Amino acid sequence: ILTGFSGGAFVLAAPSYTAEIAEAKYRGALGVLMQLMMCFGILFINVNCNTDWKLLSGICLAFPALLALWMFFMPRSPVFLVSKGNMEEARKSLQFLRGKKAHIDGELAMIQEDVRRSKNIGTVGPIQLFTKSEYLKPMGISLVLMSLQQLSGINYVLSYSTLIFKSSGSDIDSCLSAMLVGGIQVAGTFFTTLIIEKFGRKVLLVISDFFICVSMLGVAVFFKMYEDCAECKFEATTNSSLDAFNSSAATMGFVSKATVDSFGWLPLVSLMVFILAFAIGFGPIPWVLNVELMPPEARGIAASICTSFNWIISYIVAKFIPTLGEEIGASSCYFIFAGIALVGTVFIILVVPETKGKSEDDIRNLFSGKPSQDVKKVPA
């Protein structure tokens, strides 16, 4: 319970702190680093899949302990210090973050103006979040992105990864297959840190969700053939790990085992495409936009609501999708995920704004209907 509470708080606090200390031109790349570190953590666990869990738990204690110790030496965010009226400390913090020779007067003045505006607006409560369009629109977009992230099928796909590797004719064990999946996640997320400020958030989200849709269709088609293969079902009954899958498999035998075997490469390629597509977009970017889209006076409560909503959807998917898969078949679940990804792609194209390089004032104006004031941007 304590780990879940702390982890849930971290995915809200880390992007917020990063957004407040980062320059606009680096904000996206730095925001992705949280997801990159999470992927490194998953890969670390996968690499040590045969290590005694007590020893592994002890090793994992070191990482949050080092972070907690390190944060004592990190400055408070300039935004926070300005909001508390501590201008001298805010200047020192910003100078430390930008470097001793950096000219920070313009950026500090801009932070002061943003904080002044937020204070003039006052505290934003839940009622205002759902009644004022300047808050409702960005929060609504963030809620949809959080839903699309969890409804991409990431957890359901990973639960079948071992079967997908076996269906391709591979004889690698489940531990090694988990390492390969974790390695692709790390590589894809690292690649995102390099290109997010060049291509922007929206383009990467569109590419990500489109290929999630394509890869889900590939997996769905294979599992549909597998369900319609009587010979495959007969062989699979000897494997107790596939009981849930077999309970929904069809018995008509429309597809031969030879046909299924000839397409054994399809789910493996689809899995690799899915993991990479998720890593370059829907893994990290919803967390970045969860902070970027909201103005400072509403960021705390709105981002908290969106983060909680993400974990609620995650729980619903983990709790009910396996049961749904038993009732309607794994292939039907994958077709549903593909359909959700297709709808999500259209939603992103039509609704989600691009925030690359924009100041908080620019992003605020996107939802308030005011023209963007480029003169207030911090020079690169």
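Placed above this text is the structure.
Here's what I pulled together on the structure shown here.

Membership of the largest hydrophobic core comes to 54 residues, with the highest contact counts inside it found for Leu145, Tyr156, Ile212, Met216, Phe223, Phe282 and Tyr334. Ranked by residues supplied to this core, first place goes to helix H12 (residues 201–227) with twelve residues. If near-sequence neighbours (up to four positions away) are discounted, methionine 216 is found in contact with Ser152, Val157, Phe274, Tyr334, Phe337 and Ala338. Membership of the second largest hydrophobic core comes to 14 residues, among which are Ala14, Leu143, Met146 and Ala298.

For any two helices packed against each other, one specifies the crossing angle of their axes together with the interaxial distance. Viewed as axis vectors pointing N to C, helix H1 (residues 2–21) and helix H2 (residues 27–47) meet at an angle of 155 degrees, and their least axial separation amounts to 9 Å. As judged from the angle between their axes, H1 and H2 are roughly antiparallel. The crossing of H1 and H2 is right-handed. Listed contacts from H2 to Phe10, Val11, Ala14, Pro15, Thr18 and Ala19 of H1 are Arg27, Leu30, Gly31, Met34 and Met38.

A few words now on a nonpolar patch on the surface. Taken together, the side chains of Phe199, Val203, Ile207, Phe210, Phe211, Val214, Phe263, Trp265, Val269 and Val273 make up a nonpolar region of the molecular surface, amounting to roughly 830 Å² of accessible area. Looking at the nonpolar patch element by element, the count peaks at five residues for H12. Relative to the helices and strands, phenylalanine 199 resides in helix H11 (residues 174–199). Note on phenylalanine 199: relative accessible area 40%, which makes it partly exposed.

Bringing the packing of H11 against H12 into the picture now. Direction vectors running N to C along H11 and H12 enclose 120 degrees, while the axes themselves pass 7 Å from each other. One way to sum up the angle between H11 and H12 is to call them oblique. Residues Thr192, Ile195, Ile196, Glu197 and Phe199 of H11 touch H12, and the partners they reach there are Arg201, Val203 and Leu204. Across the contact of H11 with H12, the residue classes break down as five nonpolar, one polar and two charged.

Time to look at helix H19 (residues 330–350). The end-to-end C-alpha distance of H19, which contains 21 residues, comes to 31 Å, matching closely the 30 Å that a straight helix rising 1.5 Å per residue would cover. Restricting attention to buried positions, one finds in H19 the residues Ala330, Ser331, Cys333, Tyr334, Phe337, Ala338, Ala341, Gly344, Thr345 and Ile348. Take H19 and look down its axis: the buried residues cluster within an arc of 155 degrees, on one side only. Projecting away from the buried face of H19 at angles above 90 degrees are the exposed residues Val343 and Leu350.

To continue, consider the pattern of salt bridges. This model, assessed by the stated rule, comprises ten salt bridges. Note that arginine 116 is salt-bridged to glutamate 113, the shortest N-O span being 2.5 Å. In this pair, arginine 116 and glutamate 113 both sit in helix H6 (residues 105–121), three residues apart, roughly one turn of the helix. Judged by its relative accessible area of 25%, glutamate 113 is partly exposed. Put simply, arginine 201 and glutamate 197 hold a salt bridge, and the shortest N to O gap is 3.2 Å. Accessibility assignment for this pair places arginine 201 and glutamate 197 in one class, buried. The network of salt bridges with shared partners includes Arg27, Glu197, Arg201 and Glu292.

Along the chain, glutamine 149 falls in helix H8 (residues 133–150). A relative accessible area of 4% places glutamine 149 in the buried class. Reaching out from glutamine 149, the side chain makes a polar contact with the backbone oxygen of glycine 283 at a distance of 3.0 Å. Excluding its chain neighbours within four sequence positions, the residues that come into contact with glutamine 149 are Ile154, Phe278, Phe282, Gly283, Pro286, Trp287 and Asn310.

It is worth spelling out the state of the cysteines at this point. A full pass over the atoms with the stated rule returns one disulfide. Covalent S-S linkage joins cysteine 49 and cysteine 175, the inter-sulfur distance amounting to 1.4 Å. One quick way to see it: the torsion about the S-S bond of cysteine 49 and cysteine 175 is about -65 degrees, and its sign makes the bridge left-handed. Of the two residues, cysteine 49 sits in the loop between H2 and helix H3 (53–71) while cysteine 175 sits in helix H11, which places them 126 residues apart along the sequence. The class for cysteine 49 is partly exposed, based on a relative accessible area of 34%.

Turning to its location among the elements, phenylalanine 335 is positioned in helix H19. Distance from phenylalanine 335 to alanine 220, taken between C-alpha atoms, is 5.7 Å for residues 115 residues apart in sequence. Ignoring any residue separated from it by four or fewer positions in sequence, one finds phenylalanine 335 in contact with Leu217, Ala220 and Val221.

Criteria and cut-off values
- Residues numbered from 1 in each chain as written.
- Predicted model: local features only at pLDDT ≥ 70, side-chain atom pairs only at ≥ 80, totals over all residues.
- Heavy atoms only, no water.
- Core = buried A, V, L, I, M, F, W, Y, C linked by side-chain atoms within 4.5 Å.
- Buried < 20%, exposed > 50% of the residue type's maximum accessible area, 1.4 Å probe, protein only.
- Helix = DSSP H or I, 4+ residues; strand = E, 2+ residues; numbered from the N terminus.
- Contact = heavy atoms within 4.5 Å.
- Axes fitted to C-alpha atoms, helices over the stretch in contact; angles between N-to-C directions.
- Parallel < 35°, antiparallel > 145°, perpendicular 65-115°, else oblique.
- Left-handed = near helix turned anticlockwise from the far one by under 90°.
- Patch = residues over 30% accessible without salt bridge, like charges linked within 9 Å, V, L, I, M, F, W, Y side chains within 5 Å.
- Areas by Shrake-Rupley, 256 points an atom, 1.4 Å probe, with all protein chains shown as cover.
- Salt bridge = Lys/Arg side-chain N within 4 Å of Asp/Glu carboxyl O.
- Nonpolar A, V, L, I, M, F, W, Y, C, P; charged D, E, K, R; others polar.
- Expected span 1.5 Å × (residues − 1).
- Arc of directions from axis to C-beta.
- Polar contact = N/O pair within 3.5 Å; in protein donor to acceptor, adjacent residues only side chain to side chain.
- Disulfide = S-S within 2.5 Å.

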